[in-house]
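Here is how the chains run, residue by residue.
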Amino acid sequence: MGDPVFWHRLQFGFTASFHYIFPQLTMGLALLIAVFKYLGLRTGEAVYNDAARFWIRVFGINFAMGVVTGIPLEFQFGTNWARFSSYSGGVIGQTLAMEGMFAFFLESSFLGLLIWGEKKISPRLHFIAALALFVGSWLSGYFIIATNAFMQHPVGYTLGPDGTLQIASFWRFLLNPWAIVQYLHNMMGAVVTGAFVMAAVGAFWTLKGLHQPVARLSLKAGVIAGLLGSLLVAFPTGDLQGKLVAKHQPVALAAMEGRFESGPYAELNLIGQPNVPEGKIDNPIRLPGLLSFIAYGSFSAEVKGLNDFPRDQWPTSIELLYYGFHIMVGLGTFFILLMGLSSLQLWRRKLEQTRILLWVLAFAFPFPFIANTAGWMTAELGRQPWLIYGLMRTSEGTSHLVHGGQTVFTLIGFAGIYFVLGVLYLYLMIREVAHGPASHGVAH
Amino acid sequence: MVELWFWLVSVMVAIYAVMDGFDFGAGIHHLTAAKTNEERRTILAAIGPLWDGNEVWLLAGGGAMFLAFPRVLAAGFSGFYLAFFMVVWALILRGIAIEFRSHVQDGIWRSFWDGTFGFASTLLPVLLGAALGNVIRGVPLDGTGYFNIPLFTHFGTANPVGVLDWYTVLVGVFALVTLALHGALFLAWKTEGPVHDRVARRALPLWIAVIGIWIVATLATRAVNPGLFAGFAKAPLAWFFLLVYLAGLALAFWGLRKGRWLLAFLGSGAFILGLLAATAASVFPVMLGSTLDPKFSLTAYNSSVGAHGLRTGLVWWFIGFPIVLGYFALLFHIHRGKAKAAAEGEGY
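Read on for a plain summary of the structure. Note that the coordinates shown come from a computational prediction; the quantities given were computed from them, not determined experimentally. (Residues numbered from 1 in each chain as written. Chains lettered and ligands numbered in written order. Predicted model: local features only at pLDDT ≥ 70, side-chain atom pairs only at ≥ 80, totals over all residues. Heavy atoms only, no water.)

## A few points about the overall build of chain B
Here is step 1 of the chain: A count of helices and strands for chain B gives 12 helices and two strands.
Here is step 2 of the chain: Along chain B, from the amino end to the carboxyl end, the secondary structure elements read α-α-α-α-α-α-α-α-α-α-β-β-α-α.
Here is step 3 of the chain: Referenced to the eigenvectors of the C-alpha coordinate spread, the extents of chain B come out at roughly 60 × 40 × 40 Å.
Here is step 4 of the chain: Buried residues in chain B amount to 62% of all 348 residues.
Here is step 5 of the chain: Contacts in chain B between residues at least 24 apart in sequence constitute 77% of all its contacts with a sequence separation of at least 6.
Here is step 6 of the chain: Accessible surface, chain B as shown: approximately 12,500 Å² in total, 73% of it carbon and sulfur.
Here is step 7 of the chain: Looking at chain B, you have 22 positive and 17 negative side-chain charges, and the mean spots of the two groups are 9 Å apart. (Helix = DSSP H or I, 4+ residues; strand = E, 2+ residues; numbered from the N terminus. Buried < 20%, exposed > 50% of the residue type's maximum accessible area, 1.4 Å probe, protein only. Contact = heavy atoms within 4.5 Å. Areas by Shrake-Rupley, 256 points an atom, 1.4 Å probe, with all protein chains shown as cover. Lys, Arg positive; Asp, Glu negative; His and termini not counted. Charge placed at Lys NZ, Arg CZ, Asp CG, Glu CD.)

Take a look at the structure:
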């Protein structure tokens, strides 16, 4: 705890996790809103625009939260990770600068038009604004993930004469295979979040018998997008991501599974607690061979255990990494089952009568947020002890002159501000759902 | 190439100051120039669709610095650690205030966000101006290329320095008054009715105050960093930007006397842009000067990334920049004319 590196990591982890609550929802919703606006334009049916209007209001609140909580992350590259920024700016400065130029300007220019412009601009321009927010937010995601992918699996760089990293091939760096896979996996995760939230509100209103037909459309769109997203986040994207980890970060794979001994027919733990001091899993319930299959596509494949790696290569928090991975995979499985069942009932036109399913849908919306956060913790904890895999250790990347008294001060400040923001955010969200899709123009 | 990137970064930072400057300025007047809910919503209607895009210039400028001069970004951000988080927190509260205020029709809710918006908008110019003051005064960079200074020490400009001393606070106050003028001219241009009348009355006193503090700040700068004026004398570009900002001052004066508010606003914009650009030209190639020894200063030459990275960035920069100008042209076109408070539930 007296170690400044710990506080730098905790502050970045906390501020990044809090931030990512909002973009995962807005990126998912942006896609669905653009689809609604398109259908409204094509069919002329009012329900699409009514639903879009409600979801744009939700989008606006979340987007504002995403913008303001994103600013500290940009700053913290310099404030908290100065040696990392100095060392790698010659490469990752490209994508971070491009994000501002190509994504943030696009989003910020059309945000006001999307949120407040429906009555002032033509329906076509309003659809274009929705499309701009979709494209902008998804582009922004790519630039950030390309940056992260360089930290996970550095490619396209060269070591400069002054010992810092310099870009050697822009396209190899930008089209890092890790970035493409991680991006698709992450964006499908965002679709799952957006879909679950949409389905939850639709199910909640349906249970209360309120706000038809917007409730029905939200439920239906949420369930369909939820099924597609849940399937795609697992296969092929999650599967490909797992194989990349197995290939490039085998020690992370071993730690994710809490696997200490090497060998073929590696089992996947369904439940169990990693006992790192004794090098085993307590209370395990296991599926034999499945880890070998996930990692290498064959049940008999050899999976290396932690004991075969030097201790100084082990991820620093094996316990948290293990749980992060298992929570993500466990929830991902639950998502497929829930949305599969809901889709079946939807197809049989019985979803709105299946009250037990509506209840589950109405209250399952926190789980995608947890799964996405757990997934990011898996990625980032699995990368440890490296800040840039194989090139720079996390402890070497901090702002070494910033002492613990400064980071703990700012961490406490963030905790306070984010607590207040979180409460106000929940208040506004509950209010929107309670108010329903009607316009706010009438006094209430 | 290095020189070009020095200028791209400087220009983007200067554009940030001009653009976010007018919505900071609007925030400075928010509590006093607008008394009723309707009037305050008029101010927010004027800046609401624009503030977020304006603020992106900060991220884009910071991104450009990260791309081209990561050592400067790393040293500066970690060196001013606490001060930069004050800026971040004020930016967070300010953004949330603008976006959340209209969601609830309640007097306490709205007054709370009005206060937050006004406070953060007043604090930020002082902090950002003080940051500029620190860059001009210099910081205790040593041979490692890093430094870290407390918020304040003895409020003098000799080592050990703090972020806030008499000089940097003076530059902060100069920034505050300048942006108050800039924001007043923007609101005078974009609004009508009581808000317009109040800020219009403030324009001339603010213009005079800017001149007064500008003279004091210039003399103070001469005392704190004599090298800057030697650099100024030798840089033709600095003379050019001197003309730009003097012309901007004159235009602002003429415009506010004649009630030609758009021209006055453009004048104050030219003043800010020219002043920052003239400063950049005078200090070039130093980006962060050392108070310990000039040889430890971070310059564009000793802090830049390799030529390939700079060239790569330049390609997409020149693709992206015209697109961004297009967005802003579209935005100002769509929101042309006087801003009016929207009906409840339909605007800021």
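## Some thoughts on helix H14 (residues 404-435) of chain A
Here is step 1 of the chain: End to end, H14 of chain A covers 45 Å across 32 residues, agreeing with the expected 46 Å (1.5 Å per residue, within 8%).
Here is step 2 of the chain: Two residues or fewer past H14 of chain A, Gly-436 of chain A is found with a positive phi of approximately 85°. (Expected span 1.5 Å × (residues − 1).)

## Looking at the interface of chain B and chain A
Here is step 1 of the chain: Taken together, the 65 residues of chain B in the interface contact 68 residues of chain A.
Here is step 2 of the chain: Buried surface at the junction of chain B and chain A, both sides included, amounts to about 6,000 Å², of which 77% is carbon and sulfur.
Here is step 3 of the chain: Between chain B and chain A we count one salt bridge in total.
Here is step 4 of the chain: With a shortest N-O distance of 2.6 Å, Glu-346 of chain B and Lys-119 of chain A are connected by a salt bridge.
Here is step 5 of the chain: Across the contact surface, chain B and chain A share 11 residue pairs in polar contact (both at pLDDT 80 or more).
Here is step 6 of the chain: For the side of chain B that touches chain A, the secondary-structure elements that each account for two or more residues are helix H2 (37-68), helix H3 (70-79), helix H4 (81-100), helix H5 (107-137) and helix H12 (307-334) of chain B.
Here is step 7 of the chain: Broken down by element, the side of chain B that touches chain A gets its largest block of residues, 15 residues, from H12 of chain B.
Here is step 8 of the chain: Split into classes, the residues belonging to the side of chain B that touches chain A amount to 42 nonpolar, 17 polar and six charged. (Buried area = accessible area lost by both parts, 1.4 Å probe. Salt bridge = Lys/Arg side-chain N within 4 Å of Asp/Glu carboxyl O. Polar contact = N/O pair within 3.5 Å; in protein donor to acceptor, adjacent residues only side chain to side chain. Nonpolar A, V, L, I, M, F, W, Y, C, P; charged D, E, K, R; others polar.)

## Re the nonpolar core
General note: in soluble globular proteins, nonpolar side chains tend to be found buried as a group.
Here is step 1 of the chain: With 273 residues, the main nonpolar core has Trp-55 of chain A together with Trp-5, Trp-57, Phe-69 and Phe-100 of chain B as its most contacted residues.
Here is step 2 of the chain: Those residues in contact with Phe-69 of chain B that sit more than four places away from it in its chain are Val-2, Trp-5, Phe-6, Val-9, Ala-64, Met-287, Ala-300, Ser-303 and Ser-304 of chain B. (Core = buried A, V, L, I, M, F, W, Y, C linked by side-chain atoms within 4.5 Å.)

## Quick notes on a nonpolar patch on the surface
Here is step 1 of the chain: Together, Trp-171, Leu-175, Ile-180 and Leu-184 of chain A make up an exposed nonpolar region whose accessible area comes to about 400 Å².
Here is step 2 of the chain: Here Trp-171 of chain A shows up in helix H5 (residues 170-174). (Patch = residues over 30% accessible without salt bridge, like charges linked within 9 Å, V, L, I, M, F, W, Y side chains within 5 Å.)

## A short note on empty space enclosed by the protein
Here is step 1 of the chain: According to the stated counting rule, one finds five cavities of 30 Å³ or more in the structure shown.
Here is step 2 of the chain: Computed from the structure, the largest cavity encloses a volume of approximately 160 Å³.
Here is step 3 of the chain: Taken together, 16 residues line the largest cavity, and the ones lying closest to its centre are Arg-57 and Trp-116 of chain A together with Ser-102, His-103 and Gly-345 of chain B.
Here is step 4 of the chain: Of all the secondary-structure elements, those providing two or more residues to the lining of the largest cavity are helix H2 (46-79) and helix H3 (82-116) of chain A.
Here is step 5 of the chain: The element contributing the most residues to the lining of the largest cavity is H2 of chain A, with three residues.
Here is step 6 of the chain: Of the residues contributing to the lining of the largest cavity, the split by class is three nonpolar, eight polar and five charged.
Here is step 7 of the chain: Space inside the second largest cavity adds up to approximately 40 Å³.
Here is step 8 of the chain: Surrounding the second largest cavity, Ala-97 and Met-101 of chain A together with Trp-5, Met-12, Ala-60, Ala-64, Leu-67, Trp-316 and Trp-317 of chain B form its lining.
Here is step 9 of the chain: Among the elements of the structure, H3 of chain A together with helix H1 (2-33), H2 and H12 of chain B are those that each provide at least two residues to the lining of the second largest cavity.
Here is step 10 of the chain: Looking at which element gives the most residues to the lining of the second largest cavity, the answer is H2 of chain B, with three residues. (1 Å grid on protein atoms, 1.4 Å probe; cavity = no way out; pocket = protein on both sides within 12 Å on 5 of 7 lines; lining within 4 Å. Points joined across faces, edges and corners; volume = space filled by probe spheres on them.)

## Section: helix H8 (residues 237-248) of chain A
Residue and element names in this part refer to chain A.
Here is step 1 of the chain: Along its 12 residues, H8 runs 16 Å from first to last C-alpha, staying within 8% of the 16 Å computed at 1.5 Å per residue.
Here is step 2 of the chain: Among the residues of H8, those classed as buried are Thr-237, Asp-239, Gln-241, Gly-242, Leu-244, Val-245 and Ala-246.
Here is step 3 of the chain: Those residues of H8 that are buried lie in contact with helix H6 (177-208), helix H7 (214-234), helix H9 (250-256) and helix H10 (290-296).

## Here we look at the environment of Leu-344 of chain A
Residues and elements named next belong to chain A.
Here is step 1 of the chain: Structurally, Leu-344 can be placed in helix H11 (residues 318-347).
Here is step 2 of the chain: A residue is classified by how much of its surface remains accessible, and Leu-344, at 41% relative accessible area, is partly exposed.
Here is step 3 of the chain: Expressed as a C-alpha distance, the spacing of Leu-344 and Leu-32, which sit 312 residues apart in the sequence, is 21 Å.

## Remarks on the packing of H3 of chain A against H3 of chain B
Here is step 1 of the chain: One way to put it is that H3 of chain A packs onto H3 of chain B with a least axis distance of 8 Å and a crossing angle of 165°. If you check the angle between H3 of chain A and H3 of chain B, you find them roughly antiparallel. As H3 of chain A runs across H3 of chain B, the sense of the crossing is right-handed. Between H3 of chain A and H3 of chain B, the residues in contact are Ala-82, Ser-85, Ser-86, Gly-89 and Gly-90 of chain A and Pro-70, Arg-71, Leu-73, Ala-74 and Ser-78 of chain B, respectively.
Here is step 2 of the chain: For the contact of H3 of chain A with H3 of chain B, the class distribution of residues is four nonpolar, five polar and one charged. (Axes fitted to C-alpha atoms, helices over the stretch in contact; angles between N-to-C directions. Parallel < 35°, antiparallel > 145°, perpendicular 65-115°, else oblique. Left-handed = near helix turned anticlockwise from the far one by under 90°.)

## Here's the deal with the pattern of salt bridges
Here is step 1 of the chain: What the rule picks out here adds up to 21 salt bridges over all chains.
Here is step 2 of the chain: For Arg-94 of chain B, the salt bridge goes to Glu-55 of chain B, with nearest N and O atoms at 4.0 Å. Here the residue Arg-94 of chain B occupies a position in helix H4, and Glu-55 of chain B occupies one in helix H2, the gap between them amounting to 39 residues. Considered together, Arg-94 of chain B and Glu-55 of chain B belong to a single accessibility category, that of buried residues.
Here is step 3 of the chain: For Glu-344 of chain B, the salt bridge is made with Arg-110 of chain B, and the minimal N-O distance between the two is 2.9 Å. On the criterion of sequence distance, the pair formed by Glu-344 of chain B in the segment after H12 and Arg-110 of chain B in helix H5 is long-range, its members being 234 residues apart. For the residue pair Glu-344 of chain B and Arg-110 of chain B, the accessibility class agrees, reading buried in each case.
Here is step 4 of the chain: Taken together, the shared-partner salt bridges in this structure form one network comprising Lys-37, Asp-50, Arg-53 and Glu-118 of chain A.

## What about the environment of Ala-223 of chain B?
Here is step 1 of the chain: When you line up the elements, Ala-223 of chain B lands in helix H7 (residues 194-224).
Here is step 2 of the chain: Assessed through its relative accessible area of 59%, Ala-223 of chain B is described here as exposed.

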